[in-house]
Amino acid sequence: MNSQLIRRYHSALRSRRRWMGFLRFFSLTDPRFGARWHQYHCLPPATDEYVSSFEAHWGITLPDEYRTAITQIGDGFGGPFYGVSPLEDWCQPTAAEDFPPDFLQRSFDPSAARIGGLAPGAIRFCNAGCEHYYLMVVSGPLRGTLWHDIDVDVEEKGVLGLWYSDNQPVSLADWLNGWLENLSLEGFHSSYFLDPLWTKCAFQNHAIAKLFNATDRPITTITVDQLPCPYCFRLLREHRVRRVIVTSLPGKDYGNPKSAAILGTQGKVDVEPREAYP
Ligand SMILES: [Zn+2]
């Protein structure tokens, strides 16, 4: 991750925040997926001391690119899907105390059994909704690679690597850069381009998909207990649901799906960030 990308990233977030302000003035919303949740905000960067103490506590060294992102862009910032989470959200929505001390030191293996719902040797660094997360591998030969983590139910559970067609892994820098490039595209689902799975799969087991499958009646308001994934988000728009209320437990962590109440208005289905997010 070079300094030019970091500068471009900060600059894009700034201009998008201005754009959001302009839209708000006219009671409009940014239709891009996740935009009304993270609002292109950027939390203060993590300090080297903080990152080092995290690494010492868990006995790992974070991949360089990820470390650079959280220490030079922000420890939580607007980006793909519902944004890049703060480091302390690494095991969202579970508490860190629930994991064995060597959990992150174990060599990541996509077929290994989960512990507490998480794949050992990787952190959840981005929430895509509906219990889908993106993983950054922190231990083992696959260290530094990105994976799509599906934790919805037994049938769908699994982790899938993000690779280019020539079998090269997608790097975090490429991933963030891809999001920046797609910001210029019209349409709400620019995040789709970051993971072809969203365009290929219909996640019929998700609560929102099940609801639409169960009734033909028009639905104007939906209450769900977590942020909708891109697939469900598209369904909500297709069915012209005017309001989505996400009920959740109070929590301190941005990105934690249990942490906010969310309202969609103006015929747009989208999410509001929690109050404490600056
Ligand atoms: Zn979903």
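As shown above, the structure is provided for reference.
What counts and how
Residues numbered from 1 in each chain as written. Predicted model: local features only at pLDDT ≥ 70, side-chain atom pairs only at ≥ 80, totals over all residues. Axes fitted to C-alpha atoms, helices over the stretch in contact; angles between N-to-C directions. Helix = DSSP H or I, 4+ residues; strand = E, 2+ residues; numbered from the N terminus. Contact = placed C-beta atoms within 7 Å. Nonpolar A, V, L, I, M, F, W, Y, C, P; charged D, E, K, R; others polar. Pairing = 2+ DSSP bridges. Core = buried A, V, L, I, M, F, W, Y, C linked by C-beta atoms within 7 Å. Buried ≥ 20, exposed ≤ 12 C-beta atoms within 10 Å, placed from the backbone.

Enquirer: Give me the lowdown on the packing of helix 7 (residues 207-214) against helix 8 (residues 230-238), citing residues and values where you can.
Expert: Packed helix pairs are specified by the crossing angle of their axes together with the interaxial distance, meaning the distance between the axes. Contact geometry for helix 7 and helix 8: axes closest at 8 Å, N-to-C directions at 35 degrees. Where helix 7 abuts helix 8, its residues Ile 208, Ala 209 and Phe 212 lie against Cys 232, Leu 235 and Leu 236. Within the contact of helix 7 with helix 8, the residues separate by chemical class into 6 nonpolar, no polar and no charged.

Enquirer: Could you give an account of the sheet that holds strand 2 (residues 132-137), with specific residues and numbers?
Expert: Backbone-to-backbone hydrogen bonds pair the strands of a sheet. The strands run either parallel or antiparallel. In space, the 4 strands of this open sheet follow the order 1-2-3-4, with antiparallel pairing throughout. Of all strands in the sheet, those with a lone pairing partner are strand 1 (122-129) and strand 4 (158-161), marking the two edges. Shown here is a sheet whose adjacent strand axes are inclined to one another by a mean of 30 degrees, direction ignored. Pairing analysis gives 4 bridges linking strand 3 (residues 146-150) to strand 4, with the strands arranged antiparallel. By the bridge assignment for strand 4, Ile 150 is matched with Gly 158.

Enquirer: Run through the nonpolar core, naming residues and quoting values.
Expert: Counting 59 residues, the largest nonpolar core has Ala 122, Phe 125, Leu 135, Met 136 and Cys 232 as its most contacted members. At the level of secondary structure, the elements contributing two or more residues to this core comprise helix 1 (3-25), helix 4 (64-73), strand 1, strand 2, strand 3, helix 5 (172-182), strand 5 (221-224) and helix 8. Residue contacts for Leu 135: discarding those within four places in its chain leaves Ala 119, Ala 122, Ile 123, Arg 124, Leu 146, Trp 147, Asp 149 and Val 159.

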